[in-house]
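Overview (structure and organization)
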Amino acid sequence: MSKQKIYFRADAGTGIGYGHFTRSLALADMLKSDFECTMFTQEPTPYQISEAEKVCPLVSFPADESKFEKFLEYLTGEEIVVLDNYFYTTEYQQQIKDRGCKLVCIDDIHDRHFVADEVITSLKYAMLRPAFFEKRTVNKIPGSWLITIGGLDEPNVTEKMVRMLQMQGITQLTAIVGDGYQYQNSLAACDIRVLSRLSAEKMASTFAQTENVVCCASTVCYEALSQECHVYAGWYVDNQEEIYRLLAESNYIEPLGNLLELSSIEIKQKNTLTKINFDKVRPNIRSIFYRLALRMVNYVDMTESESRQVWETHNLPQIRKWMRNKTPFGFESHCTFVESLRKAKGKFYYAFFMGDELVGAYNFIDVQPHVVESGIFIHPAWQRKRLGDIIEDKMEGLAKAMGVAVIVADVYLGNKQSRNYFIRNKFKEVSRDEDFIHFEKSL
């Protein structure tokens, strides 16, 4: 069976830096277990190729205007497309939508109208590479400082920050620069440790050993915060300013303002900043793509393959034991039931798929004026991923459209997972008997 495809489109290079490519690849890494991911980029460097090999296939385009049309040629309308760069116009977005694709845009500056299904833009969706979610117990080196401004750094903010700190007597200094940095000789005269071309693992471990970090308000800032560094951050290009304001207003960083205008760094006491919990980032991001990819199909409209998946899952012992009808049944019997739904009144059965894979099923039965009884099962392969919550939200929208005001559900006393599901989705327990807990929810 095929998974839902996600195409990531992000360019990189010495002229535009690696930030867009790196965070898009980090996003692909978060999603690759449940989706078929492919990265598309212009003329990738050996570094980009080696990094992509760890995550997903990489498709190369020429670094000219033909790259826009060439990407469109790959689209069939079944994909989710993720765009990450500032040169994708509203018109180009619409061309992708016109092909039938779902569209996600990653944006920091809000300088255009978006026609995307989702726009990812906040700390809630910080796109960190796996190494930065690891919990490390490495001790910080006392008095250590690290400066990392970005791969290109045309105005040489790196050296400016280094000299400011040296003027205050800071000697434990490290700078991380990228392939596009043009001031290696000048920086070498500062007599500090200079690092370049670090893997994500090496970058994370370096942050983990460092007490203080000076950086731009970009993905690298999130990376430093994830390793509990005391971060001094500013901005010098437009796409960093909004992130900077958010981090400064939330007291996550020591704010430096516009780095091009900065004349000195005031060294602050420790333990005055608010720590960020990144544990919910990956679930938040997966939820966006689950919601976009989830396909809802009426039982009577299922293909034979889809119908067979529903039948096979319903007959799994771990699913069947929580059904009112616990007796196994054949595929022919299942097909007869599905066919009966065409004429049935007050019964609505829906299956939910991710790509070609069954996620689960949800039904409304005994539909009465303003009240309906519900039932749900989730395929074991998709349990504990909170997809049931997304399905519930879709079905509650359908119930409202039907004029339903109250949904009721019965859960076997021993079914803790189902009980927790209904409680999490704000159903209230109204009564119990010797077999069931009876829940209801007002819409």
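What counts and what doesn't
- Every chain begins its residue count from 1, and numbering advances along the sequence as written.
- Note on the predicted model: pLDDT of at least 70 is required for a residue's local features to be given, and 80 or more for side-chain atom pairs to be given and counted; whole-chain, interface and lining totals, by contrast, use all residues.
- Heavy atoms throughout the structure, all of them, feed into the side-chain values; hydrogens and water do not.
- Elements are defined by DSSP. Helices are runs of H or I of four residues or more, strands are runs of E of two residues or more, and each kind is numbered from the N terminus.
- For the exposure calls, accessible area comes from a 1.4 Å probe over protein chains only, and a residue counts as buried if that area is under 20% of its type's maximum, exposed if over 50%, partly exposed in between.
- Between two residues, a contact is recorded if the distance between any of their heavy atoms is within 4.5 Å.
- Accessible surface is estimated by sampling points in the Shrake-Rupley manner with a 1.4 Å probe; for residues, cover comes only from the protein chains shown.
- When charges are counted, neither His nor the chain ends are considered; positive counts come from Lys and Arg and negative counts from Asp and Glu.
- We define a salt bridge as a contact between a side-chain nitrogen of Lys or Arg and a carboxyl oxygen of Asp or Glu at a distance within 4 Å.
- In this analysis, strands are considered paired if DSSP registers two or more bridges between them.
- Lines fitted to the C-alpha atoms define the axes, with helices restricted to the stretch that makes contact. Angles between their N-to-C directions range from 0 to 180 degrees.
- Between the rings of Phe, Tyr and Trp (Trp by its six-membered ring), a pair exists once the centres lie within 6.5 Å; its type follows the angle of the planes, with under 30 degrees stacked, over 60 edge-to-face, and the other angles tilted.
- Should the NZ of a Lys or the CZ of an Arg lie within 6 Å of a ring centre and within 35 degrees of the ring normal, that charge is described as sitting over the ring.
- Roughly parallel covers angles under 35 degrees, roughly antiparallel covers those over 145, roughly perpendicular covers 65 to 115, and oblique covers all other angles.
- In this scheme the handedness of a crossing depends on how the near helix is turned from the far one: anticlockwise by less than a right angle means left-handed, clockwise means right-handed.
- Amino acids are sorted into nonpolar (Ala, Val, Leu, Ile, Met, Phe, Trp, Tyr, Cys and Pro), charged (Asp, Glu, Lys and Arg) and polar (every other residue, Gly among them).

**Here we look at the overall build of the protein**
When helices and strands are counted, the protein shows 15 helices and 19 strands. Taking the principal axes of the C-alpha coordinates as reference, the protein spans close to 80 × 50 × 35 Å. Among the 443 residues that make up the protein, the fraction classed as buried is 51%. For the protein, long-range pairs separated by at least 24 residues make up 60% of all intrachain contacts whose partners lie at least 6 apart in sequence. Here the protein has roughly 21,100 Å² of accessible surface; of this, 48% comes from carbon and sulfur atoms.

**Quick notes on the side chain of glutamate 392**
Among the secondary structure elements, glutamate 392 is positioned in helix H14 (residues 387-401). Buried and unpaired, glutamate 392 has lysine 441 as its nearest opposite-charge partner, separated by 5.5 Å. Look past the residues within four positions of glutamate 392 in its chain and what remains in contact with it is Tyr362, Ile407, Tyr421, Asn425 and Phe427.

**Describing the sheet that holds strand S16 (residues 371-378)**
Pairing is mixed across the open sheet formed by 7 strands, whose spatial order is S13-S14-S15-S16-S17-S19-S18. One side of each edge strand has no neighbouring strand; the edge strands of this open sheet are strand S13 (294-298) and strand S18 (428-432). For this sheet the average axis-to-axis angle between neighbouring strands, irrespective of direction, equals 30°. Pairing geometry for strand S14 (residues 348-354) and strand S15 (residues 357-368), over 7 bridges, is antiparallel.

**Some thoughts on the packing of aromatic side chains**
As enumerated under the stated definition, the model contains 26 aromatic pairs in all. A ring pair is formed by phenylalanine 87 and tyrosine 88, whose centres lie 4.8 Å apart and whose planes are at 65°; its orientation type is edge-to-face. Judged by relative accessible area, tyrosine 88 falls into the buried class, the value being 3%. Between tyrosine 290 and tryptophan 382 the ring centres are 6.3 Å apart and the planes differ by 85°, which places this aromatic pair in the edge-to-face class. Note that tyrosine 290 is positioned in helix H10 (residues 281-293) and tryptophan 382 in the loop between S16 and H14, a separation of 92 residues in sequence. We note that tyrosine 290, like tryptophan 382, is buried. Ring pairs connect the aromatic residues Tyr7, Phe40, Phe61, Phe71 and Tyr74, which therefore count as one cluster. Positioned above the aromatic ring of phenylalanine 133 is the side chain of arginine 282, whose terminal nitrogen or guanidinium carbon lies 4.0 Å from the ring centre.

**Re helix H11 (residues 304-314)**
Along H11, the residues classified as buried are Glu306, Ser307, Gln309, Val310, Trp311, Thr313 and His314. Looking at the buried positions of H11, the neighbouring elements they touch are S13, helix H12 (317-320), helix H13 (331-340), S14, S15 and S16.

**Examining the pattern of salt bridges**
Two side chains with opposite charge may pair up if their charged atoms get near one another. Enumeration over the complete set of coordinates arrives at 22 salt bridges. Measuring nitrogen to oxygen at the nearest pair gives 2.8 Å for the salt bridge that ties glutamate 51 to lysine 54. On the basis of relative accessible area, glutamate 51 is assigned to the buried category, the value being 10%. Overall, lysine 54 belongs to the partly exposed group, its relative accessible area being 46%. One network of salt bridges, with partners in common, ties together Arg9, Asp11 and Lys67.

**Here we look at the packing of H10 against H14**
Between H10 and H14, the least distance of the axes is 10 Å, while the angle of their chain directions is 50°. Here H10 lies oblique to H14, going by the angle between them. Judged by the sense of rotation from one axis to the other, the crossing of H10 with H14 is right-handed. Taking contact as the criterion, the partners of Ser287, Tyr290 and Arg291 in H10 are, on H14, Leu387, Ile390, Asp393 and Lys394. Across the contact of H10 with H14, the residue classes break down as 3 nonpolar, 1 polar and 3 charged.

**Brief notes about the environment of phenylalanine 8**
Examined against the element boundaries, phenylalanine 8 turns out to sit in strand S1 (residues 5-9). For phenylalanine 8 and glutamine 42, which are 34 residues apart along the polypeptide, the C-alpha to C-alpha distance reads 12 Å. Setting aside chain neighbours within four positions, we find phenylalanine 8 in contact with Ser24, Leu27, Ala28, Leu31, Cys37, Thr38, Met39, Phe40 and Val82.

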